[in-house]
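This is what each chain is made of:
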Amino acid sequence: MGRLEVDIRHPLVEEWTRFIGVDQDGEKYIKNNVFIMEDAHKGGGFGTRAFASQVRHAAENGFSYIKTNPGGRLDVILQYGGMNGYYTWPRLGYDLELDAPGFPDSVRASIKR
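Predicted, not measured: the structure shown is a model, and the values here were computed from it. (Residues numbered from 1 in each chain as written. Predicted model: local features only at pLDDT ≥ 70, side-chain atom pairs only at ≥ 80, totals over all residues. Heavy atoms only, no water.)

(A) Main features of the pairing of strand β4 (residues 65–68). Only one face of β4 is covered, namely the one carrying Ile66 and Thr68; the face carrying Tyr65 and Lys67 has none of its residues buried. The pairing of strand β3 (residues 28–37) with β4 spans 4 bridges and is classified as parallel. Within β4, the position partnered with Ile30 by the bridge is Ile66. Between the parallel elements β3 and β4, the chain passes through helix α1 (residues 46–60) in a crossover that is right-handed. (Buried < 20%, exposed > 50% of the residue type's maximum accessible area, 1.4 Å probe, protein only. Helix = DSSP H or I, 4+ residues; strand = E, 2+ residues; numbered from the N terminus. Pairing = 2+ DSSP bridges. Right-handed = clockwise from strand over helix to strand, strands pointing away.)

Shown next as structure tokens:
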């Protein structure tokens with residue numbers, strides 16, 4: 001179906017894009033494509049507040065779901081910092097089966113079951 005890409009500008013964010021679309025079943029959805037905070041502003045809660053606002057407004061406007069592809073590799077995150085989507089998104093309510101296709105083996109191996 002159709003989709004619209006939105007590029008958001010904010011002084012605390014390095015890069016922020018999302019897609020708004022309608023899936024094959026006619027359901028409206030949002031895909032958070034990229035969300036990278038400026039290093040100086042990481043850990044202050046802005047990302048969590050922004051996502052909570054997005055969820056609230058999406059629900060109020062008839063969107064069925066929000067999806068994303070979490071970024072980052074756990075080994076790199078632990079050693080150097082950087083993208084931490086595999087850490088952050090689950091804490092904000094995202095759920096992904098550990099055996100899902102495309103789930104990185106390096107992350108799967110680091111999770112204690």
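(B) Structural context of the environment of Ile36. Relative to the elements of secondary structure, Ile36 occurs in strand β3. Taking C-alpha positions, Ile36 is 5.5 Å from Glu14, a pair spaced 22 residues apart along the chain. Leave out the neighbours within four places in its chain, and Ile36 touches Val13, Glu14 and Glu15. (Contact = heavy atoms within 4.5 Å.)

(C) The arrangement of the environment of Glu5 in detail. Position of Glu5 among the secondary structure elements: in strand β1 (residues 3–7). Glu5 sits 25 residues away from Ile30 along the chain, and the two C-alpha atoms are 9.8 Å apart. What Glu5 contacts, discounting residues up to four positions off in sequence, is Thr17, Arg18 and Phe19.

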